[in-house]
Amino acid sequence: MSAASDGLEGIVAAETVLSHVDGEQGRLIFRGYDIEQLAGDTSQEALAALLWDGFADGDPASIGKALGAARAVAFEIAQPLLVPARSLTAIEGLRLLLAALPDASDLPHHVLATAAMPVFVAALARDGLGQAVLPPDPALSQAADFLRMLRGEPAEPEHVTALETYLVTVADHGLNASTFTARVVASTQAGVFSSVVAGLCALKGPLHGGAPGPVLDMLDAIGSEDRIEPWLERTISQGDRLMGFGHRVYRVRDPRADVLKGVALGLRGGTNRIRFAEAVEAGALKVLARLKPGRRIDTNVEFYTALVLEALALPRDLFTPVFAIGRVVGWTAHILEQTQGGRIIRPQSAYVGPMPKAAA
Ligand code: ACO
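Residues numbered from 1 in each chain as written. Predicted model: local features only at pLDDT ≥ 70, side-chain atom pairs only at ≥ 80, totals over all residues. Heavy atoms only, no water.

Focus on helix α11 (residues 212–222)
So, step 1. Residues of α11 that are buried include every one of Pro-212, Gly-213, Val-215, Leu-216, Met-218, Leu-219 and Ile-222, and no others.
So, step 2. On the buried face of α11, the contacting elements are α12 (228–237), α14 (274–291), α15 (301–311) and α16 (319–339).
So, step 3. Remark: Gly-223 follows α11 within two positions and exhibits a positive phi of approximately 80°. (Buried < 20%, exposed > 50% of the residue type's maximum accessible area, 1.4 Å probe, protein only. Helix = DSSP H or I, 4+ residues; strand = E, 2+ residues; numbered from the N terminus. Contact = heavy atoms within 4.5 Å.)

Right, dumping it as structure tokens:
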């Protein structure tokens, strides 16, 4: 047997019509559209229609209606689990609530899983603060309803558009760790909900979807412009990673970073510290080029995600759950694609342990 690829780097493990990541050109394509063509001009409902097309029925309007109705169902499922979730972090609570989605539900499972995300995240956040949880409004979009359920009042249109742009930008990304995980589970025919829970568990890690909270922790720890380079150099020299930098596929700047930087720049508010972040980014790229020569480490999506979500006044512990609100559209599309024709995903391992001793 040949040697294994460390971290499956360079291995093509699936064919997909859903998205293409060009790591050399810094290009991300969703079903024939560059991400820059979609972001800012596409609702989550329209993006779902695009990604689910051919795997499940629906145009943006009918999908919006189905998601609205399914949010009401998800709200009922959440109720008995909010008290046990109080001892958990937000992402752990989301994992608990998603695990309660019943395989016996007669709603389309990709719709219920997608609708459940904003309902569960908002309910967990408010209940955790001792505030009354708010039922969904089926007439609103997913993004508008999420902000309303979270804040207790309708969100300004510019915040809805900013969140929508974020949700669309992070909806899919080839065979990233969480999508691969979801496809592996789907390939066993375990069902949409089990596959989505598995995807969330992979997303939770700080090397994947857990990075944006730590990006803000890093900005806080650096504190002022004169400390940027010494702080970054010390961090890398200690063997730690700079959150929001580096990617398995991109060897140039992640195109989503620019989309989200534009969103962050467009948002007003005292928490929008974009200029300081730009200085940290420039310092990080300089220090990484010096201390990690030849690695071609650039800014990834999580750096400006952190700035966008902070400018939307979302608390840090909700950053990864909010990522899941966007990514679930991609997970479910991949799950549908996998189930409609894929074989069970079952690679091999190279045994490097001892062989049994020959009998005397
Ligand atoms: N900071 C410092 N050094 C880094 C970073 C970083 N952010 N990223 C990679 N490196 C270095 C590694 O230390 C390693 O150096 P070495 O060979 O001298 O030991 C080299 O670059 C290669 O790193 P790998 O871990 O092999 O790269 P891999 O492709 O496996 O990892 C990953 C990609 C996990 C994203 C990595 O770049 C990282 O940990 N980044 C920080 C966390 C982060 O921002 N994650 C979000 C990614 S985007 C997303 O998932 C939505």
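After presenting the structure, the write-up continues.
Details of the packing of aromatic side chains
So, step 1. Inspection of every chain in the model, using the stated rule, returns two aromatic pairs.
So, step 2. Ring geometry for Phe-245 versus Phe-303: centroids 5.2 Å apart, planes at 50°, classification tilted. One end of the pair, Phe-245, is in the loop between α12 and α13 (255–266); the other, Phe-303, is in helix α15, with 58 residues separating them in the sequence.
So, step 3. In this structure Phe-303 comes out as buried when scored by relative accessible area, which is 0%.
So, step 4. With centroids separated by 5.0 Å and ring planes inclined at 85°, the aromatic side chains of Phe-303 and Tyr-304 adopt a geometry described as edge-to-face. Taken as a pair, Phe-303 and Tyr-304 share a single burial class, namely buried.
So, step 5. These aromatic residues form a ring-pair network of at least three members: Phe-245, Phe-303 and Tyr-304. (Phe/Tyr/Trp six-rings, centres within 6.5 Å; stacked < 30°, edge-to-face > 60°.)

Looking at the packing of helix α5 (residues 90–99) against helix α6 (residues 109–128)
So, step 1. It is at 10 Å that the axes of α5 and α6 come closest, and there the two elements cross at 130°. Here α5 lies oblique to α6, going by the angle between them. By crossing handedness, the relation of α5 to α6 is classed as right-handed. For the pair α5 and α6, the contacting residues are Ala-90, Gly-93, Leu-94, Leu-97 and Leu-98 in the first and Met-117, Phe-120, Val-121 and Leu-124 in the second.
So, step 2. For the contact of α5 with α6, the residue count by class is eight nonpolar, one polar and no charged. (Axes fitted to C-alpha atoms, helices over the stretch in contact; angles between N-to-C directions. Parallel < 35°, antiparallel > 145°, perpendicular 65-115°, else oblique. Left-handed = near helix turned anticlockwise from the far one by under 90°. Nonpolar A, V, L, I, M, F, W, Y, C, P; charged D, E, K, R; others polar.)

A word on the pairing of strand β1 (residues 19–22)
So, step 1. The two faces of β1 differ: Ser-19 and Val-21 on one face are buried, but His-20 and Asp-22 on the other face are not.
So, step 2. As judged from the four bridges shared by β1 and strand β2 (residues 27–30), these two strands associate in the antiparallel manner. For Ser-19, the partnering residue across the bridge sits in β2 and is Phe-30.
So, step 3. Linking β1 back to β2 in an antiparallel pair, the connection comprises four residues, with Gly-26 at a positive phi of about 65°. (Pairing = 2+ DSSP bridges.)

Just distances and angles here, no functional claims.
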